[in-house]
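Breakdown of the fold
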Amino acid sequence: MKPDTHALLVIDVQNDFCEGGALAVPEGSAIVTGINALMDDYAAVILTQDWHPVDHSSFASQHGGAPLEMIEMPYGPQVLWPDHCVQGSVGAEFHPELRTTRADLIIRKGFRPAIDSYSAFFENDHQTPTGLEGYLRNRGITHLTMVGLATDFCVNYSAQDAAKLGFAVDLRRDLCCAIDLGGSLATALDDMAALGVMMSKG
Ligand code: VGL
Ligand code: ZN
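It should be emphasised that the depicted structure is a prediction, and the values quoted were computed from it without experimental measurement.

Some remarks on the overall build of the protein chain
What the protein chain contains, in helices and strands, is 4 helices and 8 strands. N-terminal to C-terminal, the α/β element order of the protein chain is β-α-β-β-β-β-α-β-α-β-α-β. Expected size for 202 residues packed as a compact globule is a radius of gyration near 17 Å; at 16 Å, the protein chain falls within 12% of this value. Seen through its C-alpha atoms, the protein chain measures out along the principal axes to roughly 50 × 30 × 30 Å. When each of the 202 residues of the protein chain is scored for burial, the buried share is 52%. When contacts within the protein chain are restricted to residue pairs at least 6 apart in sequence, long-range pairs at least 24 apart make up 74% of them. Put simply, the protein chain shows about 8600 Å² of open surface, and 53% of that area lies on carbon and sulfur atoms.

Structure (structure tokens):
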């Protein structure tokens, strides 16, 4: 059992990121059993849930563009995604085998139509907070173990923001899976390492 200052942060283990989902990450569901087992080591377990309105501006369908094209948003470059994790849809639900009953907090993100939110801490403008930082600090949490989907997007931005905020971050590489768009996984691993994110394989 880890000390009470350590939390497990489970990023976006939702149907749309698993096999058969709208934005499936290869082998996404393979990490669920390991994540469930790891929950027993932590007093604090927090889940994030990508939670988009049906007309979310990160959807290619809103721009007449093709999925995975890049566009310029007021807050910077944005990948256009297939419609995914629409509020209330089956795709937005957690993987059916994820032990959601163990979660102390479920933090939803990406619900503002005009802005995407990869990170569990800030939206993609890197300024609008989700509230997670305050929750963790109020609970006296200083160390975060991160797992989930996808390594190179939501896990990556969450880990980078956590490290910048001064949390000690350990990324369990064996309990994450990547989308890997044009080398995005290698870049993400370099960026996280440069910020002091520790990587472990279990
Ligand atoms: C994610 C792309 C779009 C993720 C969420 O969870 O990594 N990626 N929305
Ligand atoms: Zn999303």
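Re the site of ligand 1
Around ligand 1 sit Asp 12, Phe 17, Leu 23, Asp 50, Trp 81, His 84, Tyr 118, Leu 149, Ala 150, Phe 153 and Cys 154, and those are all the residues in its vicinity. Residue Cys 154 places a main-chain N or O atom 3.0 Å away from an oxygen atom belonging to ligand 1. For ligand 1, the protein covers 100% of the area, taking 260 Å² as the surface of the free molecule.

Topic: the pattern of salt bridges
Oppositely charged side chains can form a pair if their charged atoms are brought close together. Under the defined criterion, the tally for this structure stands at 7 salt bridges. Linking Arg 112 and Glu 123 is a salt bridge whose minimum nitrogen-to-oxygen distance equals 2.6 Å. One end of the pair, Arg 112, is in the loop between β5 (105–109) and α2 (132–138); the other, Glu 123, is in the loop between β5 and α2, and 11 residues separate them in sequence. Overall, Arg 112 belongs to the partly exposed group, its relative accessible area being 36%. Judged by its relative accessible area of 2%, Glu 123 is buried. Put simply, Glu 133 and Arg 137 hold a salt bridge, and the shortest N to O gap is 2.9 Å. Residue Glu 133 and its partner Arg 137 are located together in helix α2, separated by 4 residues, close to a single helical turn. The exposure class assigned to Glu 133 is partly exposed, which follows from its relative accessible area of 26%.

Comments concerning the packing of aromatic side chains
Summed over all chains, the structure comprises 5 aromatic pairs. Taken together, the ring pairs in this structure connect Trp 81, Tyr 118, Phe 153 and Tyr 157 into an aromatic cluster. Between Arg 108 and the ring centre of Trp 51, over which it is positioned, the NZ or CZ distance is 3.7 Å.

Considering the nonpolar core
Judged by nonpolar contacts, the single largest core of 60 residues is most densely connected at Val 10, Ile 35, Leu 98, Phe 121, Leu 132, Leu 144 and Met 146. Ranked by the residues each element gives to this core, the list is headed by helix α3 (residues 151–164), at 6 residues. Setting aside residues up to four positions removed in sequence, Leu 132 forms contacts with Leu 9, Ile 46, Leu 105, Ile 107, Ala 120 and Phe 121.

Quick look at the coordination of the zinc ion (ligand 2)
Within the protein, the atoms that donate to the zinc ion (ligand 2) are Asp 50 (OD), His 52 (NE2) and His 84 (NE2), at distances of 2.0 to 2.2 Å. Mapped onto the sequence, the residues coordinating the zinc ion (ligand 2) show the spacing D-x1-H-x31-H. Taken as a pair, His 52 in the loop between β2 (44–50) and β3 (70–73) and His 84 in the loop between β4 (76–79) and β5 lie far apart in primary sequence, 32 residues in all.

Describing the sheet that holds strand β8 (residues 198–200)
Two pairing modes exist for strands in a sheet, parallel and antiparallel, and in both the strands are linked by backbone hydrogen bonds. Read across the open sheet, the 6 strands follow the order β5-β2-β1-β6-β7-β8; overall the sheet is parallel. Every interior strand has two partners, whereas the edge strands, β5 and β8, have only one. Between one strand axis and the next, the sheet turns through 25 degrees on average, direction left out of account. Where strand β1 (residues 6–11) and strand β6 (residues 143–149) come together, 6 bridges link them in parallel fashion. Each bridged residue has a counterpart across the sheet, and for Ile 11 the counterpart in β6 is Gly 148.

What counts as what
Residues numbered from 1 in each chain as written. Chains lettered and ligands numbered in written order. Predicted model: local features only at pLDDT ≥ 70, side-chain atom pairs only at ≥ 80, totals over all residues. Heavy atoms only, no water. Helix = DSSP H or I, 4+ residues; strand = E, 2+ residues; numbered from the N terminus. Rg over C-alpha atoms; globule rule 2.2 N^0.38 Å. Buried < 20%, exposed > 50% of the residue type's maximum accessible area, 1.4 Å probe, protein only. Contact = heavy atoms within 4.5 Å. Areas by Shrake-Rupley, 256 points an atom, 1.4 Å probe, with all protein chains shown as cover. Near = heavy atom within 4 Å. Polar contact = N/O pair within 3.5 Å; in protein donor to acceptor, adjacent residues only side chain to side chain. Salt bridge = Lys/Arg side-chain N within 4 Å of Asp/Glu carboxyl O. Phe/Tyr/Trp six-rings, centres within 6.5 Å; stacked < 30°, edge-to-face > 60°. Lys NZ or Arg CZ within 6 Å of the ring centre and 35° of its normal. Core = buried A, V, L, I, M, F, W, Y, C linked by side-chain atoms within 4.5 Å. Donors = N, O, S within 2.8 Å, 3.2 Å for Na, K, Ca; no water. Pairing = 2+ DSSP bridges. Axes fitted to C-alpha atoms, helices over the stretch in contact; angles between N-to-C directions.

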